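Residue-level structural notes
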Amino acid sequence: MSPKKMGPVVQRYAGNPILTRDDVPYPVATVHNAGVVKTDGRYFMVFRSHLFNGRSILGLAESADGYSFKVRPEPFMAPLRDGVWGEYEEYGIEDPRICQIDGDFLITYSAYSRHGVRIGLARTRDFLSVERISMITQADLRNVVLFPQRFGGRYVRLDRPHSEISPWSMWISYSPDLVHWGDSKVLVKPAGYHWDEMKIGPGATPFKTEKGWLNIYHGVFRTMDGAVYRLGVILHDLHDPSKILGVADEWILQPEDPWEITGYVHNVVFTCGAVPEEDGTVKIYWGGADKVMCVGAANISDLAAMCLESSRSPM
Ligand code: BMA
């Protein structure tokens, strides 16, 4: 029996939404699409907020239990105004993912400007100060997640280039230094007439399990009523993340709560962060309708089983 038959794969937290604009001590229109990491028993959340001019900045919230978050009085990252950053962050910064590696917390985020969207990489060690490292893509790539370990001495990332010719798919690339990336190849494509047929993109930073790396991603389906964003799960080989062990055929989460169905953009659940816990569950964080933050928990073994036992073809 598939795990889904026994109940929802992701158990929503009864106190959702866990963070809204009312919790932010400076004026913002939304709180959503947050990267989350747990370190020394504390949860750090870097979340996106629209300002009232429609452009986004990143805020920081902290929690002792992963459910109840307190927002810092000042924004964590706002677009810089000078140099290369000023040029490419002019229209705002969005959708942060956090990856803990070698004692650093690396943050990848979408930087928007009149030149398109590209990905910036920043680093913090303490969530107090943050430094920009580099722009790591050219235009028209989004959803960059880093793996929290090196493979053969190289950093590894997943991303999603924009292409008119092929449906928007998930790719992998490698880097010796986090700045220069290459050896790119496509790993997973949207499946025709499937819940993720329009486009897919990496979501949360992948996390290690006994069976492989779990990658919670988003998939989009176009309907007569607009697009629907849902979450799914992919399992990558432990030693070679370019090897796909399975792509769960069924979604794990779709917009159902009122604040997922209605908000800034309707019918969206979008993840940028998940935290595996010692009890065998993972807390998955998602933005609801691009306006609020929500959390739910899933059994890690159920997610892996969905990938291994009822996989659709990756390509
Ligand atoms: C995507 C990104 C996300 C957003 C989603 C739904 O293209 O812009 O930031 O959550 O659309 O609007």
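Relevant structure appears above.
Below or above, wherever it landed, is the structure these notes cover. Everything quoted here is computed from the prediction, not taken from an experiment. (Residues numbered from 1 in each chain as written. Predicted model: local features only at pLDDT ≥ 70, side-chain atom pairs only at ≥ 80, totals over all residues. Heavy atoms only, no water.)

Omega for the peptide link from N16 to P17 comes to -10°, which places this bond in the cis form. Mapped onto the elements of the fold, P17 is located in the loop between strand 1 (11-12) and strand 2 (32-39). You will see that N33, though not glycine, has its phi angle at about 45°, which is positive. Within the fold, N33 resides in strand 2. Judged by relative accessible area, N33 falls into the buried class, the value being 2%. (Helix = DSSP H or I, 4+ residues; strand = E, 2+ residues; numbered from the N terminus. Buried < 20%, exposed > 50% of the residue type's maximum accessible area, 1.4 Å probe, protein only.)

A word on the site of the ligand. Within the structure, the ligand sits among N33, R48, D95, R142, K199, Y229, V265, V268, F270 and D290. One nitrogen or oxygen atom from the side chain of R48 is found 2.8 Å from an oxygen atom belonging to the ligand. The side chain of D290 places a nitrogen or oxygen atom 2.6 Å from an oxygen atom of the ligand. The protein chains hide 84% of the 310 Å² of surface that the ligand would expose on its own. A class-by-class count of the residues in the shell around the ligand yields 4 nonpolar, 1 polar and 5 charged. (Near = heavy atom within 4 Å. Polar contact = N/O pair within 3.5 Å; in protein donor to acceptor, adjacent residues only side chain to side chain. Areas by Shrake-Rupley, 256 points an atom, 1.4 Å probe, with all protein chains shown as cover. Nonpolar A, V, L, I, M, F, W, Y, C, P; charged D, E, K, R; others polar.)

According to the stated counting rule, one finds 18 salt bridges in the structure shown. Ionic pairing is found between D183 and R154, a salt bridge with its closest N-O pair at 2.8 Å. Of this pair, D183 sits in strand 13 (residues 182-188) while R154 sits in the loop between strand 10 (141-146) and strand 11 (155-161), and the two are 29 residues apart along the sequence. Judged by relative accessible area, D183 falls into the exposed class, the value being 54%. (Salt bridge = Lys/Arg side-chain N within 4 Å of Asp/Glu carboxyl O.)

Ordered in space as 1-21-20-19, the 4 strands form an open sheet in which the pairing is antiparallel. A strand with exactly one partner marks an edge of an open sheet, and here the two such strands are strand 1 and strand 19 (269-276). In this structure, strand 19 lies alongside strand 20 (residues 281-288), joined through 7 bridges in antiparallel fashion. The residue of strand 20 that forms the bridge with F270 is G287. Running over the sheet, helix 3 (residues 300-309) touches strand 19, strand 20 and strand 21 (292-299) and is turned about 80° from strand 21. (Pairing = 2+ DSSP bridges. Contact = heavy atoms within 4.5 Å. Axes fitted to C-alpha atoms, helices over the stretch in contact; angles between N-to-C directions.)

Among the 8 residues that make up strand 4 (residues 56-63), 7 are buried, leaving the element largely enclosed by the rest of the structure. Sheet analysis places strand 3 (residues 42-50) next to strand 4, joined by 8 bridges and oriented antiparallel. Bridge pairing links R48 to L58 in strand 4. From the end of strand 3 to the start of strand 4, which pair antiparallel, there are 5 residues, and G54 there has a positive phi angle of about 90°. Alignment of strand 4 against strand 5 (residues 70-71), held across 2 bridges, turns out to be antiparallel. Note on strand 5: the bridge partner recorded for E62 is K70. Taking the residues between adjacent antiparallel strands as the criterion, strand 4 and strand 5 are bridged by 6 residues, where G66 takes a positive phi near 85°.

The next subject is the pairing of strand 8 (residues 116-124). Within strand 8, 7 of the 9 residues are buried, leaving the element largely enclosed by the surrounding structure. Pairing of strand 7 (residues 104-113) with strand 8 involves 9 bridges; the strand directions are antiparallel. Residue Y112 lies in a different strand from strand 8, and its bridge partner there is V117. Two strands pair when backbone bridges link them, and strand 8 and strand 9 (residues 131-135) are joined in this way by 4 bridges, in the antiparallel orientation.

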